[in-house]
Amino acid sequence: MKKMMLSTVALGALAGAAIADEVRVYNWSDYIDEDLLTKFEEETGIDLIYDVYDSNEVLETKMLAGGSGYDVVVPSNDFLQRQISAGVYQKLDASKLPNKVNMWDTIEARTSAFDPDNAYSINYMWGTTGIGANVLKVEEFLGPDTPLDSLDLIFNPENMEKLQDCGVHFLDAPTEMIPAALQYIGQDPNSQDPDVLAMAEPILAGVAPYVQKFHSSEYINALANGDICVAFGFSGDILQARDRAAEAENGVEIVYNPVSEGSLMWFDQMAIPADAPNVDNAHAFLNFMMDAQNMAAASNYVYYANGNLASQEFLVEDVIGDPAIYPNGATLEKLYTKSPYPAKVQRTVTRMWTKIKSGT
Amino acid sequence: MKRAFLIAVPYVWLLALFLIPFAVVFKISLSDIELAIPPYTPTMKDGLWTMLSQLDFENFIFLTQDDLYWKAYLSSLQIALISTVLTLMVGYPMAYAMARAPEQWRPTLLMLVILPFWTSFLIRVYAWIGILSNEGFLNQFLLWIGIIDTPLTVLNTNTAVYIGIVYTYLPFMILPIYSALDRLDGSLIEAAEDLGCSRLKAFWLVTIPLSKNGIIAGCFLVFIPALGEFVIPSLLGGSGTLMIGKVLFEEFFSNRDWPVASAVAVILLLILIVPIVLFQRNEQKQAEAEK
């Protein structure tokens with residue numbers, strides 16, 4: 001399967017501006033059940049060229065440069081919102097998306113905050129940002145009954161000082177860490193006011209010396225191998241670390257918890273670039289993915305929640321029954337979303353982040 | 001005709017691969033950030049004259065207002081200089097030993113130096129994570145032989161960055177020095193020794209000066225890429241490792257500010273080009289004076 005995919009990608013690159021009946025999809029790495037790709041080609045007769053990226057920034061740079069040649073891309077919510085205003089995407093044609101009835105209104109209500117009426121995008125997966133912990137090690141360093149779901153664990157310097165030898169990783173993403181720090185001190189995590197944002201600096205700078213590494217993916221391995229105690233990261237990544245540790249039977253037990261004070265909720269949205277060469281086929285792909293069984297297959301494979309209500313009856317118990325993936329009502333209520341920062345505020349935030357990390 | 005063509009080739013090369021891309025980057029550095037495709041304004045779409053009239057040096061002025069940038073340039077210069085000296089210290093003896101090795105061994109030794117290039121640069125740098133980490137081979141070995149009793153923290157520090165740069169760029173240092181030493185006429189050293197030089201003195205007075213060009217070429221080949229290095233500090237360095245390559249990445253990807261990122265790149269290029277041009281001028285003058 002991998003081999004076939006590689007060759008289709010290579011062929012696609014060679015073909016350039018071919019007029020073949022094809023669709024080019026650009027999605028996050030490790031983010032789909034690959035059997036779905038073959039199934040799509042068999043059902044529709046459309047050649048699927050599937051390519052992957054590993055950061056929103058890389059996708060955004062390609063989108064803003066224009067002429068990427070992709071028909072379907074999957075940006076996260078705040079990136080999508082900014083890219084919509086830059087004119088990167090086209091409105092979806094609802095008449096070509098009969099499976100849209102399967103979508104989950106709870107999630108659509110949330111996503112309409114950054115894509116009004118969900119005119120430009122369809123939810124693919126969603127999740128939370130929270131705390132992954134090595135249960136036994138945290139107990140060893142902080143004593144039993146330490147709450148593993150409170151921001152106090154990672155933002156209280158006393159806790160962090162004790163944990164530093166055990167190892168703590170933070171996401172290298174100011175847009176995730178600053179809202180969390182604001183949440184911790186009871187400020188609006190979605191604030192764009194530079195004065196409010198500045199309040200996050202002393203909180204983060206106070207614990208930064210105890211953070212072993214700021215990185216947005218290394219914590220998966222580090223947690224799974226037992227190299228570190230605690231990571232503040234994305235739900236799916238930490239759950240992946242949990243499963244890897246369980247498979248390795250190395251005595252490492254990882255838990256993921258959304259933050260009890262309220263976690264940041266993120267959404268990866270499927271959208272069609274304004275200059276997509278194969279618009280009809282792009283819609284066919286979106287419609288295929290919104291099929292209840294197909295979407296369930298994707299979630300069952302990647303262990304992320306999706307925004308498709310009809311798919312829930314086909315989800316395995318490990319997914320639908322796990323509150324770390326599908327939070328229960330009260331936790332779901334507390335989750336918040338964040339809007340993108342305007343360019344000037346973004347610059348202040350990036351600068352603050354460099355200062356927090358390097359002291360300069 | 002043929003001659004004109006031959007002369008034109010390097011100029012076309014320079015124009016297509018250096019001057020045109022540089023002009024594009026320079027133009028973007030004079031533009032303003034905008035939320036659009038492409039993410040800056042003005043562009044050629046506005047017409048050539050409107051475009052030219054809207055360009056300004058605002059972004060360069062901005063770079064002088066925040067101490068982050070010059071600190072990052074200085075820290076990159078420092079890291080690049082120190083690693084170049086370290087690479088020279090490791091590379092020279094290796095090149096010397098290779099040049100002194102029996103004739104039939106040399107191709108094999110040369111092969112061994114080039115061999116690492118057969119593996120991806122990224123994978124080789126990644127391998128150092130496995131060697132240097134707290135649970136890594138280095139610490140396990142040192143703990144096992146009893147030199148230390150707590151693991152050394154090497155990964156995510158500047159030391160790891162130096163190790164990474166020296167390791168990665170070592171062949172670029174060895175090869176030019178080797179080729180200079182290989183051509184060195186052995187009878188010159190014998191002559192120096194006959195005239196009363198000790199072996200060490202002969203090395204200082206004859207071998208080193210005659211391999212000067214190799215040393216200079218090697219140092220440039222290490223220093224220039226090390227200055228703008230991004231992969232090694234981001235994989236092996238810590239959050240405190242300040243390098244201009246990382247700043248450039250943040251400007252481009254996190255801030256989406258192509259104009260400021262381009263301004264940072266233009267200054268980086270000037271930092272590299274000005275000393276090299278001055279150095280070459282000086283060399284030429286010396287060469288002429290000797291004639």
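Treat the numbers as computed from the prediction; the structure is a model and nothing was measured. One numbering rule holds for all chains: residues counted from 1, following each sequence as written. Written order decides the labels, with chains lettered from A and ligands numbered from 1. For this predicted model, a pLDDT threshold of at least 70 governs which residues receive local features, and a threshold of 80 or more governs which side-chain atom pairs are given and counted, while totals over whole chains, interfaces and linings are taken from all residues. Computation of side-chain values covers all heavy atoms of the structure but excludes hydrogens and water.

1. Section: the overall build of chain A
Secondary structure counts use DSSP, requiring at least four H or I residues in a row for a helix and at least two E residues in a row for a strand, with both numbered from the N terminus. Assigned secondary structure in chain A consists of 18 helices and nine strands. Against the globule reference of 21 Å for 360 residues, chain A gives a C-alpha radius of gyration of 21 Å, in line with a compact fold. Expressed along its principal axes, the backbone C-alpha trace of chain A runs to roughly 60 × 45 × 40 Å. Charged residues are defined here as Lys and Arg on the positive side and Asp and Glu on the negative side; His and the ends of the chain fall outside this count. Every charge is mapped onto a representative atom, which is NZ of Lys, CZ of Arg, CG of Asp or CD of Glu. Of the side chains in chain A, 22 bear a positive and 52 a negative charge, and the two mean positions are spaced by 8 Å. C-alpha atoms define the radius of gyration, and 2.2 Å times the number of residues to the power 0.38 defines the globule rule.

2. Points about the domain arrangement of chain A
All names here are of chain A. These domain boundaries are the output of an automatic or database domain assignment. Split into domains, chain A comes out as domain 1 (2-126 + 267-328) and domain 2 (128-264 + 338-358). With centres defined by C-alpha atoms, the gap from domain 1 to domain 2 works out at 28 Å. Taken together, the contact between domain 1 and domain 2 spans nine residues of the former and twelve residues of the latter. Defined in terms of a 1.4 Å probe, buried area is the accessible area two parts forfeit on being brought together, summed over both. For the pairing of domain 1 and domain 2, the buried interface totals around 950 Å² over both sides, and the portion due to carbon and sulfur atoms is 51%. On the domain 1 side of the interface with domain 2, the three residues burying the most area are D78, Y304 and A324, jointly 43% of the side's total. We note a salt bridge from R242 to D322, for which the minimum N-O separation is 3.1 Å. Throughout this description, a polar contact denotes any pair of N or O atoms lying within 3.5 Å of each other; where both atoms belong to protein, one of them has to be capable of donating a hydrogen while the other can accept it, and for residues adjacent in sequence the pair is counted only when both atoms sit in side chains. Remark: the boundary between domain 1 and domain 2 carries two residue pairs in polar contact (both at pLDDT 80 or more). Under this grouping Gly is polar, as are all residues other than the nonpolar Ala, Val, Leu, Ile, Met, Phe, Trp, Tyr, Cys and Pro and the charged Asp, Glu, Lys and Arg. Taken together, the residues of the side of domain 1 that touches domain 2 break down into four nonpolar, two polar and three charged. Any two residues whose heavy atoms approach within 4.5 Å at even a single point are treated as in contact. Here a salt bridge means any side-chain nitrogen of Lys or Arg lying within 4 Å of a carboxyl oxygen belonging to Asp or Glu.

3. A word on the pairing of strand β2 (residues 47-53) of chain A
Residue and element names in this part refer to chain A. Direction of pairing for strand β1 (residues 22-28) relative to β2: parallel, over a ladder of seven bridges. Each bridged residue has a counterpart across the sheet, and for W28 the counterpart in β2 is Y53. Clockwise travel from the first strand over the helix to the second, with the strands pointing away from the viewer, marks a crossover as right-handed. Remark: the β1/helix α2 (residues 35-44)/β2 crossover connection has right-handed handedness. When DSSP finds two or more bridges between two strands, those strands count as paired.

4. Let's talk about the packing of aromatic side chains
All names here are of chain B. Only Phe, Tyr and Trp rings take part, Trp by its six-membered ring, and two of them pair if their centres are within 6.5 Å. Stacked means planes under 30 degrees apart, edge-to-face means over 60, and tilted covers everything else. Tallied over the entire structure, the rule returns 35 aromatic pairs over all chains. When the centroid spacing of 6.0 Å and the interplanar angle of 40° are considered together, the rings of Y40 and W258 count as tilted. Note that Y40 is positioned in strand β2 (residues 40-41) and W258 in helix α14 (residues 258-290), a separation of 218 residues in sequence. Note on exposure labels: buried denotes an accessible area under 20% of the residue type's maximum, exposed denotes more than 50%, and partly exposed covers the range between, all computed with a 1.4 Å probe on protein chains only. For Y40, a relative accessible area of 14% translates into the label buried. Look at W258 and you get buried, because its relative accessible area is 11%.

5. A closer look at the packing of α2 of chain A against helix α14 (residues 279-289) of chain A
Residues and elements named next belong to chain A. Between N-to-C directions, angles cover 0 to 180 degrees, with each direction set by a line fitted to C-alpha atoms, over the stretch in contact for helices. It is at 11 Å that the axes of α2 and α14 come closest, and there the two elements cross at 120°. Our classification of the angle between α2 and α14 gives oblique. Considering how the two elements wind past one another, α2 and α14 form a crossing that is right-handed. Of the residues in α14, those in contact with L36, K39, F40 and E43 of α2 are N281, A284, F285, F288 and M289. For the contact of α2 with α14, the class distribution of residues is six nonpolar, one polar and two charged. These descriptions rest on fixed angle ranges, namely under 35 degrees for roughly parallel, over 145 for roughly antiparallel, 65 to 115 for roughly perpendicular, and the rest for oblique. Throughout, a crossing is termed right-handed when the near helix is turned clockwise from the far one, and left-handed when it is turned anticlockwise from it by less than a right angle.

6. Concerning the pattern of salt bridges
If you walk through the whole model with that rule in mind, you get 20 salt bridges over all chains. For E60 of chain A, the salt bridge goes to R256 of chain B, with nearest N and O atoms at 2.7 Å. Placement of the pair is E60 of chain A in helix α3 (residues 56-65) and R256 of chain B in the loop between α13 (244-254) and α14, with the two residues belonging to separate chains. As far as burial versus exposure is concerned, E60 of chain A and R256 of chain B are alike and both buried.

7. Side note on the state of the cysteines
All names here are of chain A. Note on disulfides: each one is a pair of cysteine sulfur atoms within 2.5 Å. Considering all chains together, one arrives at one disulfide over all chains under this definition. C166 shares a disulfide with C229; S-S distance 1.6 Å. Between C166 and C229 the sulfur-sulfur dihedral comes to about 55°; the bridge is accordingly right-handed. In this pair, C166 sits in the loop between α8 (157-163) and β5 (168-170) while C229 sits in the loop between α12 (219-224) and β7 (230-234), placing the two residues 63 residues apart along the sequence. Taking the relative accessible area as the measure of exposure, C166 reaches 3% and is therefore buried.

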